[in-house]
Amino acid sequence: FSPDKTFMNALIEWLGIEKHILSVLDTPEGVEATIRKGEQEELIFVVNHNFVPVNVSLPTTYTDIIHDRVLQGNVLIESQHTLVIKPIQQSQGGE
């Protein structure tokens, strides 16, 4: 048995609802977003697995850890590249 793409998408959607799994970011096909948590901060890795650049819409303002810049709105991620970001509110103040 080899499930097709429609079945797999439906299964993933059902599991998300059933187990209350939230997406890190709303990403286009071929783009993966994951959270890595440390003791003091949380980083989001956005990986473009596509062979073409894609735009990702960021819901808030982030710091790009690799390039030390502020990102918001639509951000272009080059093909086969990774963006490492953290929300601005996490990088300020801290308790």
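Keep in mind the model is a prediction, meaning the values are calculated, not measured. (Residues numbered from 1 in each chain as written. Predicted model: local features only at pLDDT ≥ 70, side-chain atom pairs only at ≥ 80, totals over all residues. Heavy atoms only, no water.)

K.L.:
Sorry if this is basic, but what is going on with the overall build of the protein here?
P.N.:
When its secondary structure is counted, the protein shows 1 helix and 5 strands. When the elements of the protein are put in sequence order from the N terminus, they spell out α-β-β-β-β-β. Taken along the three principal axes of its C-alpha coordinates, the protein extends 50 × 35 × 20 Å. Residues counted as buried form 27% of the 95 residues belonging to the protein. Taking all contacts inside the protein whose residues are at least 6 apart in sequence as the whole, residues at least 24 apart take part in 41%. If you sum the accessible surface of the protein, you get close to 7,200 Å²; carbon and sulfur atoms cover 53% of it. (Helix = DSSP H or I, 4+ residues; strand = E, 2+ residues; numbered from the N terminus. Buried < 20%, exposed > 50% of the residue type's maximum accessible area, 1.4 Å probe, protein only. Contact = heavy atoms within 4.5 Å. Areas by Shrake-Rupley, 256 points an atom, 1.4 Å probe, with all protein chains shown as cover.)

K.L.:
Whenever I open this one, the sheet that holds strand 3 (residues 54-64) confuses me. Can you help?
P.N.:
Across a sheet, strands are paired by hydrogen bonds formed along the backbone, either parallel or antiparallel in direction. The antiparallel open sheet is built from 5 strands, whose spatial order is 1-2-5-3-4. Pairing within the sheet leaves two strands with one partner each, and these edge strands are strand 1 (31-37) and strand 4 (69-77). Looking at each pair of strands side by side, their axes are set apart by 25° on average, direction ignored. As judged from the 8 bridges shared by strand 3 and strand 4, these two strands associate in the antiparallel manner. Directly across from Val56, in strand 4, lies its bridge partner Val75. (Pairing = 2+ DSSP bridges. Axes fitted to C-alpha atoms, helices over the stretch in contact; angles between N-to-C directions.)

K.L.:
Help me understand the environment of Glu29, please; the structure alone is not making it clear to me.
P.N.:
Turning to its location among the elements, Glu29 is positioned in the loop between helix 1 (5-18) and strand 1. Distance in space between the C-alpha atoms of Glu29 and Thr60 is 21 Å, their sequence separation being 31 residues. Within the structure, the side chain of Glu29 is placed 2.6 Å from the side chain of Lys5, a separation counted as a polar contact. (Polar contact = N/O pair within 3.5 Å; in protein donor to acceptor, adjacent residues only side chain to side chain.)

K.L.:
I would appreciate a short explanation of a nonpolar patch on the surface in the present structure.
P.N.:
Taken together, the side chains of Phe7, Met8 and Ile12 define a hydrophobic patch exposed on the protein surface, amounting to about 280 Å² of accessible area. Tracing the chain through its elements places Met8 in helix 1. (Patch = residues over 30% accessible without salt bridge, like charges linked within 9 Å, V, L, I, M, F, W, Y side chains within 5 Å. Salt bridge = Lys/Arg side-chain N within 4 Å of Asp/Glu carboxyl O.)

K.L.:
I keep staring at the side chain of Asp64 and nothing clicks. Help me out?
P.N.:
Position of Asp64 among the secondary structure elements: in strand 3. Apart from the residues within four sequence positions on either side, Asp64 is in contact with Arg69, Leu71, Leu83, Val84 and Ile85.

K.L.:
It is not clear to me how the pairing of strand 5 (residues 82-87) should be interpreted in this structure. Could you clarify?
P.N.:
Counting buried positions along strand 5 yields 5 of 6 residues, so the element is predominantly enclosed. As paired elements, strand 2 (residues 42-48) and strand 5 share 4 bridges and run antiparallel to each other. Directly across from Phe45, in strand 5, lies its bridge partner Val84. For strand 3 and strand 5, the ladder comprises 3 bridges, and the chain directions are antiparallel. For Tyr62, the partnering residue across the bridge sits in strand 5 and is Pro87.

Remember, this is a structural readout, not a statement about activity or role.
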